Amino acid sequence: MSSRSDLTIMRVCFIIFLLGVLVELCDGGITSEYVRGSDLPDDMPLDSDVFKVPPGRNTPQQVHITQGNHEGNGVIISWVTPSAPCSNTVRYWSENGKSKKLAEATMNTYRFFNYTSGYIHHCLIDDLEFDMKYYYEIGSGKWRRRFWFFTPPKPGPDVPYTFGLIGDLGQTYDSNRTLSHYEMNPGKGQAVLFLGDLSYADLYKFHDNNRWDTWGRFVERSAAYQPWIWTAGNHEIDFVPDIGETEPFKPFTNRYHTPYKASGSISPLWYSIKRASAYIIVMSCYSSYGVYTPQYKWLRKEFQRVNRTETPWLIVLVHCPFYHSYERHYMEGETMRVMYEPWFVKSKVDVVFAGHVHAYERSVKKLNLVLPSSIDLPLYLHCPQVIIKYTNAGTCF
Ligand SMILES: [Fe+2]
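Going by the annotation in an unreviewed UniProt entry, the name recorded for the protein chain is Purple acid phosphatase, with Brassica napus given as the source organism. UniProt lists a comment for the protein chain under the heading Catalytic activity (unreviewed entry), and it reads "a phosphate monoester + H2O = an alcohol + phosphate".

Coordination of the iron ion by the protein comes from D197 (OD), N234 (OD1), H319 (NE2) and H356 (ND1), over a distance range of 2.1 to 2.2 Å. Around the iron ion, the four donor atoms are arranged such that angles at the metal cover 90 to 166°; this shape is classified as irregular. Here the donor residues of the iron ion are spaced in sequence according to D-x36-N-x84-H-x36-H. Highlighted residues: D197 in the loop between β12 (191-194) and α3 (210-223) and H319 in the loop between β16 (313-318) and α6 (334-346), separated in sequence by 122 residues. When its relative accessible area of 0% is taken as the criterion, H319 is described as buried.

Examined against the element boundaries, R217 turns out to sit in helix α3. You can call R217 buried: its relative accessible area is 17%. Excluding residues that lie within four positions of it along the chain, R217 makes contacts with V50, F51, K52, V53, Q61 and Q62. Only 2.6 Å separates the side chain of R217 from the backbone oxygen of F51, close enough to count as a polar contact.

This brings us to the sheet that holds strand β15 (residues 278-282). Spatially, the four strands line up as an open sheet ordered β14-β15-β16-β17, and their pairing is mixed. This sheet does not close on itself; its edge strands, each paired only once, are β14 (271-275) and β17 (351-354). On average, each strand axis in the sheet is inclined to that of its neighbour by 20°, with strand direction left out of account. As paired strands, β15 and β16 are joined by five bridges and run parallel to one another. For A278, the partnering residue across the bridge sits in β16 and is W313.

Parameters and conventions
Residues numbered from 1 in each chain as written. Predicted model: local features only at pLDDT ≥ 70, side-chain atom pairs only at ≥ 80, totals over all residues. Heavy atoms only, no water. UniProt positions renumbered as here; feature names shortened; annotations may be inferred. Donors = N, O, S within 2.8 Å, 3.2 Å for Na, K, Ca; no water. Tetrahedral: all angles 85-135°; square planar, octahedral: opposite > 155°, others 65-115°. Helix = DSSP H or I, 4+ residues; strand = E, 2+ residues; numbered from the N terminus. Buried < 20%, exposed > 50% of the residue type's maximum accessible area, 1.4 Å probe, protein only. Contact = heavy atoms within 4.5 Å. Polar contact = N/O pair within 3.5 Å; in protein donor to acceptor, adjacent residues only side chain to side chain. Pairing = 2+ DSSP bridges. Axes fitted to C-alpha atoms, helices over the stretch in contact; angles between N-to-C directions.

Shown next, in the form of structure tokens:
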């Protein structure tokens, strides 16, 4: 009898030991003592400095750039002229180039309930040299504006590059602190992987699209000078049948273009790019993704196209996380996880970055990867508080 109870005790102890090992293995560690306060920050008022309209009548504003083709030597330059079409031309030149080139933009406007947008210009330039500084000018006459950006190095296995990560930015006081934090980071991010939820304009009555304009002016100070790679979040859906707005993603897709056709996608909401040593796949968790949907078919081919010899880093961006421990949004990503996690594992995806939950969590304690010697990404994964920061953009997220 006593030997039987000894055995039971040993079994229980062994199970407790195993659970302890499991807990230790699953503990991702704590990298920051930061705890979000209970007071949610307000949106910055319309007359804030960061929303200032540039001087002059109809001067280009809300300037932003993103990658324009699959390889990285293309750029899409976008801006808004608020009251008239104005010049639709981009003048651009390389730092050591002798002549200036011209490129023509497309132009569109849209209506959203009682709001009419300004004139939104998008200009694709895809004949750039890799690893080069370029200047560009938009607008005309006295109020012409000049910006610059750097093209990435040609894709290759050992090419240094630094990405910043921002998600769920919004336009609160904390949003401004987050963007400043990124700009002042000594790591000097060269492109932003944006994880969805941009302006949070949908929190306003009738989804007041003036708040898309303020957001565009707010992020211009970074997004005009380095590409922001866009992922769509739930705050981009803007589906409001009650007021007659039944076209999902209308403000987002009108304002923020992506190079989706270059990767064989049929939707601006899911696409891929190469940038330096990384292959980046952007997914849309608010578009259909079940078996035989366009996104499913595209993604299946996409993984086959990745050449790890050329781009050893395979990164996926998706707004809704597959895993997290928060009560809010708990298991919202579960159906997508069930669908695609086996593909991610089989394709050996290195990192999945997600937003949506306004906190930092990761599922791996140490990245056990063989790294190209020069890539900076792991550094930031291990110091996430430096480069990854989320804001609480409002009461709803
Ligand atoms: Fe979200």
